[in-house]
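In case you want the letters, here they are:
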Amino acid sequence: MTLVSSGVLSMGGAIANQSINIELGKSGTATLSLNDTDARTLAGKASGVISIADFYGKANKITATGGTKTNNATYYFHTFTASGYFVITAGGGSLDYLVIGGGGGGGVGDDTAGGGGGGGAGGYVEGTTTLGAGNYAITIGGGGPGGAGTAGGNGIDSSFNTIIALGGAGGASRRSTGRNGGCGSGASCGSSGAATYNGGTSIQFSTYGYGTGANGGQAVSTDSSNASSGGGGGAGGNGGNPTTSSQGVGGVGISSSINGTAIYRAGGGGAGYSLNPPTSKYARTRGLGGNGGGGAGGNVSTVGTAGNASTGGGGGGGGTWATTNGTFSANGGAGGSGIVILRYLK
């Protein structure tokens, strides 16, 4: 923001003081002394008499380090794929942020022929804040492990300063409901008779009052040879429920251009392949991962695909298959790690 004059403002005027404080990255109601070093730096008056008029047309620019720093003609960008600090060494002002939690791991396939539920994507938080000089902690949440004999592990929270994006929920396995998290995970259902299991719920907004996420897909069986599982929720859409031919797909993520290029992130994981017995009319192909780094469900004899790193994508559920020697299941894929991206005007 550049300070603009729309008339005469007195040195003690509330409007002038508020504008200068905000430009300095402080609260608009903070006590202001024009003789402070940061105020003199903004005004370009190292010494001597200083007045409100010296601030007209001046903008406080952020000088900062941390993460991977890049730029285009308009902005500086700081991309964090590992935990660290964003350090404003001089100046202050407004900056935009994107914070995504680690994705949940996909659930293991069910040994009664239900594929593992897809992992939920990490919670998604995008906004604008005003900061002054200082050190601001960045935490990048890891993706949850894929389920190995169990449900997938939950993703870890990511954070920037006081902003928190929850980790995604781990995918369900072996006849169970999905879990709650940044985005909810898909449910899993074995071929053990008629049953319905609901997907998990996104609790990002209900927990913090900001950010977004979506819910996991259902799992439904109608008889002893019909097994299905749901996809994990993405930041931009719910995980899919199974159809007559496919397991639940992962929910779509959200596209952001915060780093100058439109990229989808935080897609949910797809549910794993389901077949019982091999000639069953209820065979379902694996669910694909959601656009935004979500991993696909495992195929006939493969583990679920991991969510893409630095997207917060959910892991795919493990596949299940049956032979004359019995029914077998594969592990779920790991969730993708989270990310924090910051940008501010040059």
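This structure is a prediction, so every number in the text was calculated from the model and none was measured.

A.B. asks: Honestly, the overall build of the protein in this entry has me stumped. Any pointers?
C.D. replies: Scanning the protein for helices and strands turns up three helices and 16 strands. Relative to its 346 residues, the protein shows a buried fraction of 51%. Of the roughly 13,300 Å² of accessible surface on the protein, 52% is carried by carbon and sulfur atoms.

A.B. asks: Please clarify how the nonpolar core should be interpreted in this entry.
C.D. replies: Generally speaking, soluble globular proteins have nonpolar side chains that are buried together. Judged by nonpolar contacts, the single largest core of 19 residues is most densely connected at Phe86, Leu95, Val99, Phe160, Val340 and Leu342. Secondary-structure elements contributing two or more residues to this core are β4 (84-90), β5 (93-100), β6 (124-131), β7 (134-139), β9 (163-165) and β16 (339-345). Apart from the residues within four sequence positions on either side, Val340 is in contact with His78, Thr79, Phe80, Leu98, Val99, Ile138, Thr139, Ile140, Ser159 and Phe160.

A.B. asks: Sorry if this is basic, but what is going on with the environment of Thr79 here?
C.D. replies: Looking at the element boundaries, Thr79 is found in strand β3 (residues 75-80). Using a relative accessible area of 21% as the deciding quantity, one classes Thr79 as partly exposed. Counting along the chain gives 19 residues from Thr79 to Leu98, while the straight-line C-alpha distance between them is 9.6 Å.

A.B. asks: How do you make sense of the confidence of the model for the protein when you look at a structure like this?
C.D. replies: Should the pLDDT be low somewhere, the predicted coordinates at that spot are not to be read in detail. On average, residues of the protein carry a pLDDT of 86, and 88% of them reach 70 or more. Long-range and interchain partners of residues 1-13, a stretch whose pLDDT sits below 50, account for 28 contacts in this model, where long-range means more than four residues apart.

A.B. asks: For this particular structure, what's the right way to read the pattern of salt bridges?
C.D. replies: In a structure, side chains of opposite charge can pair up when their charged atoms sit close to one another. A full pass over the atoms with the stated rule returns one salt bridge. Arg343 serves as the salt-bridge partner of Asp96, at 2.8 Å between the closest nitrogen and oxygen. Of this pair, Asp96 sits in strand β5 while Arg343 sits in strand β16, and the two are 247 residues apart along the sequence.

A.B. asks: Just to check I follow, could you spell out the side chain of Gln204 for this structure?
C.D. replies: Within the secondary structure, Gln204 is located in helix α3 (residues 204-208). Among the polar contacts listed, one links the side chain of Gln204 to the backbone oxygen of Tyr210, at a separation of 3.4 Å.

A.B. asks: Please explain the pairing of β5 as it appears in this structure.
C.D. replies: Two faces make up the sheet, and in a regular strand the side chains alternate between them. Most of β5 is tucked away: seven of the eight residues are buried. Two elements, β5 and β6, share eight bridges in a ladder whose sense is antiparallel. Each residue of the ladder has a partner; that of Val99, found in β6, is Val125. Here β5 pairs with β16 via five bridges, running antiparallel. When the sheet's bridge partners are listed, Tyr97 is paired in β16 with Leu342.

A.B. asks: How should I be thinking about the environment of Thr65 in this particular structure?
C.D. replies: Inspection of the secondary structure assignment puts Thr65 in strand β1 (residues 63-65). Judged by its relative accessible area of 43%, Thr65 falls in the partly exposed class. Distance in space between the C-alpha atoms of Thr65 and Asn135 is 9.7 Å, their sequence separation being 70 residues. Residues contacting Thr65, with those up to four places away along its chain left out, are His78, Tyr85, Phe86 and Val87.

A.B. asks: Where do I start with the environment of Gly298 in this structure?
C.D. replies: With respect to the secondary-structure elements, Gly298 resides in the loop between β13 (263-265) and β14 (320-323). The class for Gly298 is buried, based on a relative accessible area of 0%. Distance in space between the C-alpha atoms of Gly298 and Gly272 is 4.7 Å, their sequence separation being 26 residues. If near-sequence neighbours (up to four positions away) are discounted, Gly298 is found in contact with Gly272, Tyr273, Arg286, Val303, Gly304, Gly317, Gly318 and Gly319.

A.B. asks: Help me understand the sheet that holds strand β2 (residues 68-71) in this model?
C.D. replies: Hydrogen bonds between backbone groups are what pair the strands of a sheet, and the pairing can be parallel or antiparallel. What the five strands build is an open sheet, ordered β2-β3-β16-β5-β6; its pairing is antiparallel. At either margin of the open sheet sits one strand with a lone partner, and together these are β2 and β6. Adjacent strand axes in the sheet meet at a mean angle of 20°, parallel and antiparallel pairs treated alike.

A.B. asks: How should unusual backbone geometry be read in this particular structure?
C.D. replies: It is generally the case that most residues other than glycine have a negative phi and that most peptide bonds are trans. We note that Asn161 has phi near 55°; this positive angle belongs to a residue other than glycine. Phi at Ala266 is positive, roughly 65°, even though this residue is not glycine.

A.B. asks: Got a minute to help me understand the packing of aromatic side chains in this structure?
C.D. replies: The relative placement of two aromatic rings is captured by the distance of their centres and the angle of their planes. Enumeration over the complete set of coordinates arrives at six aromatic pairs. Here the aromatic rings of Phe86 and Tyr344 are separated by 6.3 Å at their centres, their planes lie at 50°, and the arrangement is tilted. Placement of Phe86 in strand β4 and of Tyr344 in strand β16 is noted, with a sequence separation of 258 residues between them. You'll find Phe86 and Tyr344 in the same group, each marked buried.

A.B. asks: Please clarify how the sheet that holds β1 should be interpreted in this entry.
C.D. replies: Judged by pairing direction, the sheet is antiparallel, and its five strands sit side by side in the order β1-β4-β7-β8-β9 without closing on themselves. The strands lining the two open edges of the sheet, one partner per strand, are β1 and β9. For this sheet, the mean angle separating the axes of adjacent strands, direction not counted, is 20°. In the sheet, β4 pairs with β7 via five bridges, with the strands oriented antiparallel. The residue bridging Ile88 from the neighbouring strand is Gly134, located in β7.

What counts and what doesn't
Residues numbered from 1 in each chain as written. Predicted model: local features only at pLDDT ≥ 70, side-chain atom pairs only at ≥ 80, totals over all residues. Heavy atoms only, no water. Helix = DSSP H or I, 4+ residues; strand = E, 2+ residues; numbered from the N terminus. Buried < 20%, exposed > 50% of the residue type's maximum accessible area, 1.4 Å probe, protein only. Areas by Shrake-Rupley, 256 points an atom, 1.4 Å probe, with all protein chains shown as cover. Core = buried A, V, L, I, M, F, W, Y, C linked by side-chain atoms within 4.5 Å. Contact = heavy atoms within 4.5 Å. pLDDT = per-residue confidence, 0-100. Salt bridge = Lys/Arg side-chain N within 4 Å of Asp/Glu carboxyl O. Polar contact = N/O pair within 3.5 Å; in protein donor to acceptor, adjacent residues only side chain to side chain. Pairing = 2+ DSSP bridges. Axes fitted to C-alpha atoms, helices over the stretch in contact; angles between N-to-C directions. Phe/Tyr/Trp six-rings, centres within 6.5 Å; stacked < 30°, edge-to-face > 60°.

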